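Notes for the structure review
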Protein chains: 6
Amino acid sequence: MRENRLRQLWDAGEKTVNAWLGIPNSFSAEIMAQQGFESVTIDMQHGLVDYPASIGMLQAISTTDAVPLVRVPWNEPGIIMKSLDAGAYGIICPMINSKAEAEAFVSSVRYPPLGSRSFGPIRATMYAGADYYKHANNTVLTLAMIETTDAMAALEDILAVPGLDGIYVGPADLSISMGHAPRMDQEDQPVVDAIQKIIDTTKRHKKYAGIHCGSVSYIKKMWGIGFDYATLLSDARMLAMKAGELLPELQAKSSGGKGVGY
Amino acid sequence: MRENRLRQLWDAGEKTVNAWLGIPNSFSAEIMAQQGFESVTIDMQHGLVDYPASIGMLQAISTTDAVPLVRVPWNEPGIIMKSLDAGAYGIICPMINSKAEAEAFVSSVRYPPLGSRSFGPIRATMYAGADYYKHANNTVLTLAMIETTDAMAALEDILAVPGLDGIYVGPADLSISMGHAPRMDQEDQPVVDAIQKIIDTTKRHKKYAGIHCGSVSYIKKMWGIGFDYATLLSDARMLAMKAGELLPELQAKSSGGKGVGY
Amino acid sequence: MRENRLRQLWDAGEKTVNAWLGIPNSFSAEIMAQQGFESVTIDMQHGLVDYPASIGMLQAISTTDAVPLVRVPWNEPGIIMKSLDAGAYGIICPMINSKAEAEAFVSSVRYPPLGSRSFGPIRATMYAGADYYKHANNTVLTLAMIETTDAMAALEDILAVPGLDGIYVGPADLSISMGHAPRMDQEDQPVVDAIQKIIDTTKRHKKYAGIHCGSVSYIKKMWGIGFDYATLLSDARMLAMKAGELLPELQAKSSGGKGVGY
Amino acid sequence: MRENRLRQLWDAGEKTVNAWLGIPNSFSAEIMAQQGFESVTIDMQHGLVDYPASIGMLQAISTTDAVPLVRVPWNEPGIIMKSLDAGAYGIICPMINSKAEAEAFVSSVRYPPLGSRSFGPIRATMYAGADYYKHANNTVLTLAMIETTDAMAALEDILAVPGLDGIYVGPADLSISMGHAPRMDQEDQPVVDAIQKIIDTTKRHKKYAGIHCGSVSYIKKMWGIGFDYATLLSDARMLAMKAGELLPELQAKSSGGKGVGY
Amino acid sequence: MRENRLRQLWDAGEKTVNAWLGIPNSFSAEIMAQQGFESVTIDMQHGLVDYPASIGMLQAISTTDAVPLVRVPWNEPGIIMKSLDAGAYGIICPMINSKAEAEAFVSSVRYPPLGSRSFGPIRATMYAGADYYKHANNTVLTLAMIETTDAMAALEDILAVPGLDGIYVGPADLSISMGHAPRMDQEDQPVVDAIQKIIDTTKRHKKYAGIHCGSVSYIKKMWGIGFDYATLLSDARMLAMKAGELLPELQAKSSGGKGVGY
Amino acid sequence: MRENRLRQLWDAGEKTVNAWLGIPNSFSAEIMAQQGFESVTIDMQHGLVDYPASIGMLQAISTTDAVPLVRVPWNEPGIIMKSLDAGAYGIICPMINSKAEAEAFVSSVRYPPLGSRSFGPIRATMYAGADYYKHANNTVLTLAMIETTDAMAALEDILAVPGLDGIYVGPADLSISMGHAPRMDQEDQPVVDAIQKIIDTTKRHKKYAGIHCGSVSYIKKMWGIGFDYATLLSDARMLAMKAGELLPELQAKSSGGKGVGY
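This text gives an overview of the structure that appears in the document. (Residues numbered from 1 in each chain as written. Chains lettered and ligands numbered in written order. Predicted model: local features only at pLDDT ≥ 70, side-chain atom pairs only at ≥ 80, totals over all residues.)

1. Overview of the interface of chain C and chain F
Accessible area lost on assembly of the parts is the figure often given for the size of an interface. What counts is decided by this rule: Throughout, a residue-residue contact means that the two C-beta atoms, derived from backbone geometry, are no farther apart than 7 Å. Each helix is a run of DSSP H or I of at least 4 residues and each strand a run of E of at least 2, with the numbering of both proceeding from the N terminus. Residues are grouped as follows: Ala, Val, Leu, Ile, Met, Phe, Trp, Tyr, Cys and Pro are nonpolar; Asp, Glu, Lys and Arg are charged; all remaining types, including Gly, are polar.
Contact with chain C, which involves 21 residues of that partner, is made by 23 residues of chain F. Of all the secondary structure elements, the ones that give two or more residues to the side of chain C that touches chain F are helix 3 (51–61), helix 4 (77–85), helix 6 (124–128) and helix 7 (132–139) of chain C. Here the element with the most residues in the side of chain C that touches chain F is helix 4 of chain C; it accounts for four residues. Looking at the side of chain C that touches chain F residue by residue, the classes come out as 14 nonpolar, four polar and three charged.

Shown next as structure tokens:
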């Protein structure tokens, strides 16, 4: 089975950058996948992507050696299993707020006896190899989003769930859950402290940790405090940012354009 | 943030007509949105529309000032939040039969601390404005469908749920729940009485009320008893009706065509 | 091979009504095909339909016994042959203004030695039967649009082209070509006279004749002067018309909506 | 209402072959539906098909008299009801492991008072007829997948659920649940015994029984022990198999290609 | 009829920036259209966009007041007319190398008696208004690409064609036609001279002039020598550029990603 | 630039097998591309594929090292250039019947000064490398279909056109052009003689030669007389064939299904 390069890199102590896809299109996905990110995540939660578009996007990512991940819209077995069968090498699951939710999530990703995933890796076998079933439980990543005060309270329990590989911090949701404005690259001290606590606890449990970031500098900071991987903006934001940088130089009255909301 | 014109109109005592989209296409959506309806609802429950088609339909509606609503297929957080992120200004949720279901529905629509909506208004910000997060909880409509005897029994509790803006009567489901044939524009007395009770209770709770109708005359009647908004047929039915009106004049043997089932 | 019911009906002196599809969607196509029209035309010229959507629309029409026709965007061999391979039982070709154009059109539809159609009826065989090749040249309809003064001038020559089955009048284009406003159901005398001349000439050549109409009454008039088939509006127009009829009864200020431009 | 031919055949003691669609495309669906299978199942669980593609596939199947079935991705009311409204004549529901799950499944398929299906058969009425509502509860098939040891333990209870029409054995999942390799056409004795027990129990309850098979010979065997219907491979597998059979005869070094994983 | 804001601006001596869309998606189109460009061009020639995707993109652009333009794949009447019917307010036509080609192009865009455009503005009327036909010939822009030595030689003749509104320089094609490497923002003197000659000749003919550019500074230079409008890169390039700028700061070994080829 | 493996293999005297895609879907394309064919051709002429579907199919092929080819619907510059920009490494052009047609075809594929291809390899550069422009003229294959008696008569002239790399025999069209039934794997002596003449003439001109075949044995025969590459059936036929082989063993009355028409 094709190895999960993320596991290899992280186990070797390397830090990785993750691309984020919210535009439901296989060509923009291919452009992003070609840029050199170690992984590319198709965002089915806040992105405008649904399962049908994700197929072409997974194929586009498969033209490169970037590891394909999917953030599912919710902790629901149907879409988790469909994404895996289509070839995702890891699932980022939003809003894991309790041990039970973490267990349910892991169960959807693992074949028996470790979980309850149903068998039918229709495209995954083409991407991964004929021995997919044999190695899938040890290859595919389970990454639980920690993004609420409830999740913070249950963090030890969540991290103790067998089969959970790691976590992913959603800083905007974490912020509003704590009464702060939704923001990436947080500098509000309580949220910064919470992120510090998440990374410390996760590393104590020897799990992988990632976080969504809005700048190169914040990624460097997050790598510095122990995160293994970090997402750099998103396709939609990069597109709006580049136009928003250049256009005001040409239009006296331009405000720099309207940004996308995620 | 772009205001929700429906709230303004209803608060001013105006009655509105809602268009209903079951054809999964952005062009038919644009045709309907151009006709002057105050709101246009994309029906992901009984319509043949799923999330991917809804994006183009929301964009088509956004070429007009009709308020875009989405009826979700079920009371499930994933699709509710995805629809809002894509720019829906209100959610009609089917089969709200208890206080707990109403609370879960409202929670999916409201950001913390009022609910549990996850942050990521990727297209909503483009449609609504950069201050979307600040005003979304007061702008986006939560409309619970009352369409079973269980819902009737729990009506007071449902209407008391904080953050619920109003209700939407599904007359066909209400009818079969009460042992009557599924029908819009009901004249069966028990169903008529139930609708009367719904509007009376809703108005006592000072919430907005709407109902699905099959004719201009029934809409007028419903407006007369207090409903704020009413749906007029659907795109699919209008298309079949117009052909079904004209064709028999040309084909002696024609039965007037086959109607769509919703 | 499945017979072309239009040929049978017309040869028996029957008049037929044709549906017109400009919405690029298989569900609206199925609704229209179910209504009892003898034929259904997918409009790839002015409709928003292109080849990819036409496949699903042809399949939808194939759930009924309505005869599937395609109006191609232009007299171009590629799209004519693709439409036939996908199962169209007749081609309406716009802007046939000369004998040479009519010959080129017919050649694209007929297999050698009558024409130059390339062999590969990939879906047509499923729709029509395994003996498609044997009978296609006698089954598939070639219908040339007569819609300019140039076409009027060349009418005898066009109608004399071997393999041309009939004509289809485009009244709006014919009108503007003659200096009149683009309109269906023309009453401007010069255009009325031109239409009369077209039907007289066509019938003298013993070819089939059709025309695009905007009302039941005009279809009856056209049938009366000899036309074999007539199109009744279009899906897009029917949808806008029905909403435009009903909505003003509910909205004092409504203008009746905005019509589609074709 | 159009009868459900599967019920007729099975009640007459006939055995049927089911086609399985994992390629999300209406043309490959039409090819399969044309081959003579008594039923065709759109696989939304392990197939790469989601609801939007299923519409065109259902239309393609409707060009034939094969009975259209849908395997839903999970036991979730939204997608079950949407599939029925789109015209599915039966639902195969994965992972029914308890009486409660079977009841929930049946409830989603049946209109009140037998269940909680919401009314809106938008395309189903076109496929089935205007009296769809009247007969749907007796026509549409509810087929629960038995594919875990939990399901085996609850088999009597599951089969006793009113409104459940039959079962469908998923041999790969059943195998891994029992600690065996995921495989169709099982010869491992414990799994063979389990299948025997399932068919015996199902037939004692006078319910319909089906199973997913990978070969003609295994289907014959399954028919022999009492199964009413059996699935023969899938579109994706057939495509890979045929290429994999022929290509090695031309390429000395070819391994026969890579198979799809389901 | 909705005015063509480009004509207004250019006639007032304003310079405009044009966005360029090569990603076939309505959401990336909406992001670009929201940024403040005065016009947005859907590139059906070198972009991965074909007519079906262009519909949703035109709708997305219609949510703003940016003027929608289409670059067609070739000087072919079918696609030019389809694009106009779908609501394009201007056509950029590649490879206009002679007077005859310019005349054919203009003829496809203008209704009789000025040209041969066929009538059927199905969506254009919704975008532009009910009086579309009356004003279209004076509103819609015809922009001929000047991008070969043949076109240079025929420049006076091309610019003299009645109904041609302006030109658009394709610097990469012009470069290779002149034996230079394909490049935007040319500094090779012969190509620079050719561009100077094009703008001088165009302005002498009092036509509008535009050019494709790869940077803000080159746009300023082009505006300075008389160009009315200039394209700033493209959606695909902006996306690749932004990722290519940021990623190398995080990946020591990164080469900055792979650029798109246009 | 990524080399064109077909040129390498053929120049080394190797024989290759080509897959043929008529199903407009990226997943069936990926299945076929994974099987080990040296090249995979997307058939936009008789296949149900149009440009939009071809993008995803090209991406799917790009997950393997099979060489992606496109058969265009007609000898038209727009679609030839679009297919190349999307990453096709060769164009098979139907109905090349004269020297002029061959020259026009070659011109559309070659950049100046060898031809008139417009510059904009938007996706081709991602597939091939940053130096695409430099090597494209020597890498991309031009394969003219020889499939009529006119082409036979002009064969010497066609093969003498500079820049033409080879030919592809369409046996069905060649057959009907010669008055025989359309058939692959022809045994009718006049057609067999014609094929012999084509291969002899092509090899005398030192060009590559290919042919469409329906069986392994015929491919071996064609390789034996000098053909470099041969197509083995198509995806649609393989799917229908496999079902058609197996189903009759289970259905006494089955005729073996209905075959696709190409």
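2. With respect to the arrangement of the chains
Taking C-alpha atoms as the reference, chain A and chain C come no closer than 17 Å and do not contact one another. Separated in space, chain B and chain F share no contact, their closest pair of C-alpha atoms being 17 Å apart.

3. What about the packing of helix 2 (residues 26–33) of chain C against helix 3 of chain C?
All names here are of chain C. Our working rule: Simply put, an axis is a line fit to the C-alpha atoms, just over the touching stretch for a helix, and the angle between two N-to-C directions goes from 0 to 180 degrees. Angular relationships are summarised with four words: roughly parallel below 35 degrees, roughly antiparallel beyond 145, roughly perpendicular across 65 to 115, and oblique for the angles in between. With the far helix as reference, a near helix turned anticlockwise by less than a right angle produces a left-handed crossing, and one turned clockwise produces a right-handed crossing.
Direction vectors running N to C along helix 2 and helix 3 enclose 30 degrees, while the axes themselves pass 8 Å from each other. Taken together, the axes of helix 2 and helix 3 are roughly parallel relative to one another. The crossing of helix 2 and helix 3 is right-handed. Here Ser-26, Ala-29, Glu-30 and Ala-33 of helix 2 come into contact with helix 3, specifically with Gly-56, Met-57, Gln-59, Ala-60 and Ile-61. Each residue belonging to the contact of helix 2 with helix 3 can be placed in one class, and the counts come to five nonpolar, three polar and one charged.

4. Remarks on the pairing of strand 7 (residues 208–213) of chain D
Residue and element names in this part refer to chain D. Basically, it comes down to this: Exposed residues have 12 or fewer other C-beta atoms within 10 Å of their own C-beta, buried residues have 20 or more, and partly exposed residues fall in between, where C-beta atoms are placed from the backbone. By definition, two strands form a pair when at least two bridges between them are found by DSSP. Here the term right-handed applies to a crossover when the path leading from its first strand over the helix to its second strand runs clockwise, the strands being oriented away from the viewer.
Across the six residues of strand 7, six count as buried, placing the element largely inside the fold. Of the two faces of strand 7, the one carrying Tyr-208, Gly-210 and His-212 and the one carrying Ala-209, Ile-211 and Cys-213 are both buried. Of the pairings in the sheet, the one linking strand 6 (residues 166–169) to strand 7 comprises four bridges and is parallel in character. Following the sheet pairing, Val-169 is matched in strand 7 by Ile-211. Taken together, the four bridges between strand 7 and strand 8 (residues 229–232) define a ladder with parallel strand orientation. When the bridges of strand 8 are listed, His-212 appears paired with Thr-231. The handedness of the strand 7 to strand 8 crossover, carried by helix 12 (residues 216–224), is right-handed.

5. Some remarks on the sheet that holds strand 2 (residues 39–43) of chain C
Residue and element names in this part refer to chain C. Strand order in the closed barrel formed by eight strands is 1-2-3-4-5-6-7-8, with parallel pairing between adjacent strands. Going across the sheet, the axis of each strand differs from the next one's by a mean of 25 degrees, ignoring polarity. For strand 1 (residues 16–21) and strand 2, the ladder comprises four bridges, and the chain directions are parallel. Residue pairing in the sheet places Trp-20 in a bridge with Thr-41 of strand 2. The strands touched by helix 11 (residues 189–204) are strand 5 (141–146), strand 6 (166–169) and strand 7 (208–213); relative to strand 6, the strand with the most contacts, the crossing angle is about 170 degrees.

6. Focus on the nonpolar core
As a rule of thumb, soluble globular proteins bury nonpolar side chains together. Note the cut-off: We call a set of buried Ala, Val, Leu, Ile, Met, Phe, Trp, Tyr and Cys residues a nonpolar core when their C-beta atoms link them within 7 Å.
Core analysis: the biggest nonpolar cluster contains 600 residues, and Ala144(A), Ala144(B), Ala144(C), Ala144(D), Ala144(E) and Ala144(F) have the highest contact counts within it. In contact with Ala144(F), not counting residues within four places along its chain, are Cys93(F), Ile96(F), Ala102(F), Phe105(F), Ile158(F), Leu164(F) and Ile167(F).

7. A short note on the relation of the copies chain B and chain C
Going by this rule: A residue counts toward the fit only if its pLDDT is at least 70 in both copies, and the copies are then superposed by least squares on the C-alpha atoms of those residues.
You can overlay chain B on chain C at an RMSD of 0.0 Å; the transform is a turn of 180 degrees with a shift of 0.0 Å along its axis. Each copy turns onto its partner about a two-fold axis. Across chain B, the rotation axis passes nearest the C-alpha of Leu239(B), at a separation of 2.5 Å. Of the residues that chain B buries at the interface, 100% are likewise interface residues in chain C, meaning the two copies contact each other through the same surface.

8. Focus: the interface of chain B and chain C
Taken together, the 34 residues of chain B in the interface contact 34 residues of chain C. For the side of chain B that touches chain C, the secondary structure elements donating two or more residues are helix 2 (26–33), helix 12 (216–224) and helix 13 (235–246) of chain B. In terms of residue count, helix 13 of chain B provides more of the side of chain B that touches chain C than any other element does, 10 residues in total. Taken together, the residues that form the side of chain B that touches chain C break down as 21 nonpolar, nine polar and four charged.

9. With respect to unusual backbone geometry
Looking along the chain, the bond that leaves Pro112(B) and enters Pro113(B) is cis, with omega of 5 degrees. Topologically, Pro113(B) is positioned in the loop between helix 5 (99–109) and helix 6 (124–128). One non-glycine residue, Asp185(A), lies in the positive phi region at around 55 degrees. Assignment of secondary structure puts Asp185(A) in the loop between helix 10 (171–177) and helix 11 (189–204). For Asp185(A), a count of 15 C-beta atoms within 10 Å corresponds to the partly exposed category. Within the chain, Leu233(C) stands out as a residue other than glycine whose phi angle is a positive 50 degrees. With respect to the element layout, Leu233(C) can be found in the loop between strand 8 (229–232) and helix 13 (235–246). Here Leu233(C) falls in the buried class, since 23 other C-beta atoms lie within 10 Å of it.

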